[in-house]
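Residue-level listing of the chains:
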Amino acid sequence: QSRKLTIKKKTAHCRLNVLIILNGNSYATNKCLSFRAAPRGATCFEVWATHGLNIYVDHTTKSKVSCHDSKWPLDRTVKVSATMDAPSNQVDDEKVRIETYAKDEMSLDADINRSGTVTRAGNQKDQWTWGPDGKGAILLVNCDRDNPKAPKEDNKDASSHKWVWHAPMDMSRMILTTQGPDEVFANYQLTLHISKADDDKVGVFYIQRKEQLYYKHILGSGKISYHVKRNFGQVQTVFYVEGLKFPDIDFSGLVTFHASLLEPARKGVPETSIFTDSLVFRVAPWIMTPNTLQPVSVYVCSVDDNKDFVEHIRKLATKAGCKLIICPEEENQEDRWIQDEMEFGYTQAPHKTFPVVFDSPRNKKLKDFPFKAILGPDFGYVKRELSPDMSGSSLDSFGNLEVSPPVTVKSKEYPLGRILIGAPFPRPMSKLVKDFLKSQVVQSPIELYTDWLFVGHVDEILSFVPAPDQKGFRLLLASPRACFKLLKEKENEGHGKAKMPEGRLPRSISEIIADRFLKKWNEYCQKCIDWNRNILKEELGLAEEDIIEIPQLFHPFLQIPRVLVPHVNMIVLGKHLGIPKPFGPIIDGQCCLEKEVRRLLEPLGLSCNFIDDYGTYYLKLGDVHCGTNVRRKPFSFKWWNMRP
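So, here is what we can say about the structure in this document. What you are looking at is a predicted structure, and each value in this text was computed from that prediction instead of being measured.

### Let's talk about the overall build of the protein
Thinking step 1. The helix and strand inventory of the protein stands at 10 helices and 40 strands.
Thinking step 2. In the protein, which comprises 644 residues, the share counted as buried stands at 55%.
Thinking step 3. Taking all contacts inside the protein whose residues are at least 6 apart in sequence as the whole, residues at least 24 apart take part in 74%.
Thinking step 4. With the model as given, the accessible surface of the protein reaches about 28800 Å², and the carbon-plus-sulfur share is 50%.

Here it is, written out as structure tokens:
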């Protein structure tokens, strides 16, 4: 494999310099190039010329050599001509540069095949594509605390480098290969560099061996270029790369690295790159986990009046085979709403996966718990903090943040589900949080209308439970319609005088049905729920059989709907459900509402466990789900295999 270069001079005052580059090595000549000048092993070439020259490439054959972009195959039938239209003003004023490529050239590489190992001289590494056939390397955000001695009151920003110790297993390897004569690297500068825009997005480290081995920080956080010191005969230089920020509204998640061979600056001529290889990484997103994934640990707060509630949760966690973690009073300061404070998820690269807790902007008495008690080795932390000029609302609490199981909508697959947030009118979740969730790309958020509720959280009207069929889940939707229908059936069966116990609504079934104001109020609530039902059917691709209406009533608390008979605000631990005890009318020694919920859910193989949270949570405007939180196992599906 070779090529021939012929030079046609139109003037007598022209001297042609040719620079051949192979594997980062250069050879200069002022002679016409013949096929013998092609270095051994070369398969392709590129050609450039200064503005005073014209370059022509003639080719008459289809080469089997794989060449990309502007490269030409090295073949005897390929001919390159350079012509000049005007005389030279001085010697060496015009140049032709030819770069030849072989299998072992200067190359910047990473795990672009997402196999867990670095891919050498891979194709399309300067691009990043989604899907099972996609290419592109992945970075993890260094958001955990691998150093147990780091102060827990320190800066919460990962980019500060103050409390994060750089664990090599968290980082992605990037290898620079420079194979060729050592003299070349004595004459040309080898530089690794990033753009100024990426300076706060990544960190790059290089192993230094002095008295002991340590990782030297060479790029990122104020450093955008690094002069690579190549030892005599050294072929590979290994770097370790970490992400410092999750994708967000101002950051796509893509970061580009460049390795350049620079021609030294000369008088009147600035430093110029004679070869650059580029490599693109994508920072891994934060991913939420739905109720259908296996629970790992349950979190609950211990406060002065909830000992029985905590014991119920302990028994439920034991049944489900997961760990119970109790936040003590000295840490929660009587703030029991642990669901509102944080949301569990994870981040993942081919070489590693670890959980990440998302701390809400709520900032009440539990505000320090996620950072101080959860952040640790291989357990990450991320937060979006509202600035003083930003007004927050109840909708910024994470009881207002749920995620569906995987769904397919009109042939569009969402293998990691879709995030659900209660929104608009007139006090939406903060744009800061919504932008962050949307920017993760993989769980395209849906906004529901929940501002009609007193608290306004999505967990007041819906939940997802696992199902043993192809769909894999059911959507449980609060339904005043179903509740009134059940009560009417019981009245027709002769149980109209059956009363609800003291507390929630101490009236008989017939009195409840006859209460026109209560019925009209719940008709309004049903219309709001049906509005959301249509959105969920459209955005999650649900059929009627995928939705179960759970009996639930609402009370006009301060002229805003307040859950009266709760059910869907539950904790889901595999097949074990922790459901708020409804205290419905007792018929034949059994609560008719509990019996109805069992009838609806037990055929799915689910176990209904009703928990009394009336005094400890319900009267304080919450229920079982609001007072608990669950960390779950990650999806088996790899996020980079999806097509957003």
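### What to know about the nonpolar core
Thinking step 1. If you look at the biggest cluster of nonpolar residues, it comprises 66 residues, and the most contacted ones within it are M174, L192, F239, F257 and W639.
Thinking step 2. Here this core takes 6 residues from strand β18 (residues 272–283), the largest share from any one element.
Thinking step 3. Taken domain by domain, the makeup of this core includes at least three residues from each of domain 2 (105–283) and domain 3 (287–641).
Thinking step 4. Setting aside chain neighbours within four positions, we find F257 in contact with L108, M174, H193, I194, V202, V204, L219, V241, D277, S278, L279 and F281.

### Comments concerning the packing of aromatic side chains
Thinking step 1. This structure, assessed with the given rule, holds 24 aromatic pairs.
Thinking step 2. Both rings, one in W128 and one in W639, keep their centres 6.0 Å apart while their planes meet at 10°; by these two values the pair is stacked. Separated by 511 residues along the polypeptide, W128 in the loop between β9 (107–109) and β10 (137–139) and W639 in the segment after β40 (628–632) bring together distant segments of the chain.
Thinking step 3. Between the aromatic rings of F358 and F436, the centroid separation amounts to 4.9 Å while the plane-to-plane angle is 50°, which identifies the pairing as tilted. Of this pair, F358 sits in strand β23 (residues 352–359) while F436 sits in helix α6 (residues 431–439), placing them 78 residues apart in sequence.
Thinking step 4. Given a relative accessible area of 0%, F358 falls into the buried group.
Thinking step 5. A relative accessible area of 0% places F436 in the buried class.
Thinking step 6. A network of ring pairs unites the aromatic residues F246, W286, F358, F398 and F436 as a single cluster.
Thinking step 7. Above the face of the W128 ring, R114 is positioned so that its terminal group lies 4.1 Å from the ring centre.
Thinking step 8. The ring centre of F371 lies 5.2 Å from the NZ or CZ of R145, which sits over that ring.

### Some remarks on the pattern of salt bridges
Thinking step 1. A full pass over the atoms with the stated rule returns 35 salt bridges.
Thinking step 2. Among the salt bridges present, the one from D200 reaches K245, with a minimum N-O distance of 2.9 Å. Residue D200 is located in the loop between β12 (189–193) and β13 (202–209), and its partner K245 is located in the loop between β16 (236–243) and β17 (254–263); the two are separated by 45 residues in the primary sequence.
Thinking step 3. On the basis of relative accessibility, which here comes to 29%, the residue D200 falls in the partly exposed class.
Thinking step 4. Here K431 ties to D435 by a salt bridge, and the two come within 2.6 Å at their closest N and O atoms. Separated by 4 residues within a single helix, K431 and D435 lie in helix α6, roughly one turn from each other.
Thinking step 5. By relative accessible area, which is 58% here, K431 ends up exposed.
Thinking step 6. If you follow the salt bridges from partner to partner, you end up with R481, D530, R533, K537, E544 and E549 in one network.

Here is what the cut-offs are and how they apply
- Residues numbered from 1 in each chain as written.
- Predicted model: local features only at pLDDT ≥ 70, side-chain atom pairs only at ≥ 80, totals over all residues.
- Heavy atoms only, no water.
- Helix = DSSP H or I, 4+ residues; strand = E, 2+ residues; numbered from the N terminus.
- Buried < 20%, exposed > 50% of the residue type's maximum accessible area, 1.4 Å probe, protein only.
- Contact = heavy atoms within 4.5 Å.
- Areas by Shrake-Rupley, 256 points an atom, 1.4 Å probe, with all protein chains shown as cover.
- Core = buried A, V, L, I, M, F, W, Y, C linked by side-chain atoms within 4.5 Å.
- Domains from an automatic or database assignment.
- Phe/Tyr/Trp six-rings, centres within 6.5 Å; stacked < 30°, edge-to-face > 60°.
- Lys NZ or Arg CZ within 6 Å of the ring centre and 35° of its normal.
- Salt bridge = Lys/Arg side-chain N within 4 Å of Asp/Glu carboxyl O.

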